[in-house]
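Residue-level structure breakdown
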Amino acid sequence: MAKEIICLDTSILIDFFRKKKKENTVFYKLTLTYQIFAVSVITEYEIFSGSTTDQLGFWESFFSQISVLPFDSETDAFAVKIFKQLKARNKLIDIPDILIAATAVKNNMKLATINRKHFDRVGDLELVDITVS
């Protein structure tokens, strides 16, 4: 098993939550290769703000088992750089995605996402190769 820490995008968590058969999720497949996971505090925000009261227990338990990476001034500097690079190429993505990408880049982590189309635009970001069958 790989010892590196993988940053999970919100799309990975939503897929994991929604599918009844967890072994069919991208997150489950990632656990077959990787042991340690983290999320940006932005992902935690997106999940909690979109959750119902009934879902909170599931997510509180999930987030207690992984690292939640802060968004600080240093991460902000990475986000600004990413934003300006994307804007110059007329390839902007959603601000939360920029903040999540910046968190992964700042922490030297690969990002696992189902939304490769957007994150592929971020030059300094390394994505986990996910083959979903």
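1. With respect to the nonpolar core
Core analysis: the largest hydrophobic core is formed by 21 residues, its most contacted members being I82, L111, F119, V122 and L125. Taken together, the elements giving at least two residues each to this core come down to helix 5 (73–88) and helix 6 (95–106). If you tally residues by element for this core, the top one is helix 6, at seven residues. Counting 19 residues, the second-largest nonpolar core is a separate cluster that includes I12, L13, I47 and I66.

2. Section: the side chain of D9
With respect to the secondary-structure elements, D9 resides in the loop between strand 1 (2–8) and helix 1 (10–18). Of the side chains with opposite charge, R116 comes closest to the buried, unpaired D9, at an N-O distance of 11 Å. Dropping the residues within four chain positions of it, D9 is found in contact with T43, D97, I100, L111, A112, T113, N115 and F119.

3. Some thoughts on the packing of aromatic side chains
The tally for this structure, following the rule as stated, stands at twelve aromatic pairs. On the numbers, 4.9 Å between centres and 85° between planes, the contact of F58 with W59 is edge-to-face. Here the aromatic cluster, defined as three or more aromatic residues joined through ring pairs, consists of F16, F17, F27, F37, F48, F58, W59, F62 and F63. The ring of F16 has K22 lying over it, and the distance from NZ or CZ to the ring centre is 5.0 Å.

4. Observations concerning helix 5
For an α-helix, the turn length of 3.6 residues means that residues three or four places apart are oriented alike. In this model helix 5 runs 23 Å from its N-terminal to its C-terminal C-alpha over 16 residues, within 8% of the 22 Å that 1.5 Å per residue would give. Within the sequence span of helix 5, burial applies to T75, A79, I82 and L86. The buried residues of helix 5 occupy an angular sector of 65° when projected down its axis, which confines them to one face. The outward face of helix 5, more than 90 degrees from its buried face, is lined by the exposed residues S73, K84, K87 and A88. Directly beyond the C-terminal end of helix 5, a positive phi value near 55° is found at N90.

5. Section: the pattern of salt bridges
Per the stated rule, a full pass over the model turns up six salt bridges. We note a salt bridge from K110 to E4, for which the minimum N-O separation is 3.7 Å. Residue K110 is located in strand 4 (residues 110–112), and its partner E4 is located in strand 1; the two are separated by 106 residues in the primary sequence. Given the relative accessible area of 18%, K110 is considered buried. Judged by relative accessible area, E4 falls into the partly exposed class, the value being 32%. Salt-bridge contacts for K106 lead to D72; the nearest nitrogen and oxygen are separated by 3.4 Å. Of this pair, K106 sits in helix 6 while D72 sits in the loop between strand 3 (67–69) and helix 5, placing them 34 residues apart in sequence.

6. Let's talk about the packing of helix 5 against helix 6
Packed helices, taken two at a time, are described by the angle between their axes plus the distance between the axes. At a minimum axis separation of 8 Å, helix 5 and helix 6 run at an interaxial angle of 125°. By the angle class used here, helix 5 and helix 6 are oblique. Read as a crossing pair, helix 5 and helix 6 show a hand that is right-handed. Contact with helix 5, carried on its side by E74, T75, F78, A79, I82, F83 and L86, involves I95, I98, L99, A101, A102, T103, V105 and K106 of helix 6 and no other residues of that element. Here the contact of helix 5 with helix 6 is built from residues that sort into eleven nonpolar, two polar and two charged.

How each quantity is defined
Residues numbered from 1 in each chain as written. Predicted model: local features only at pLDDT ≥ 70, side-chain atom pairs only at ≥ 80, totals over all residues. Heavy atoms only, no water. Core = buried A, V, L, I, M, F, W, Y, C linked by side-chain atoms within 4.5 Å. Buried < 20%, exposed > 50% of the residue type's maximum accessible area, 1.4 Å probe, protein only. Helix = DSSP H or I, 4+ residues; strand = E, 2+ residues; numbered from the N terminus. Lys, Arg positive; Asp, Glu negative; His and termini not counted. Salt bridge = Lys/Arg side-chain N within 4 Å of Asp/Glu carboxyl O. Contact = heavy atoms within 4.5 Å. Phe/Tyr/Trp six-rings, centres within 6.5 Å; stacked < 30°, edge-to-face > 60°. Lys NZ or Arg CZ within 6 Å of the ring centre and 35° of its normal. Expected span 1.5 Å × (residues − 1). Arc of directions from axis to C-beta. Axes fitted to C-alpha atoms, helices over the stretch in contact; angles between N-to-C directions. Parallel < 35°, antiparallel > 145°, perpendicular 65-115°, else oblique. Left-handed = near helix turned anticlockwise from the far one by under 90°. Nonpolar A, V, L, I, M, F, W, Y, C, P; charged D, E, K, R; others polar.

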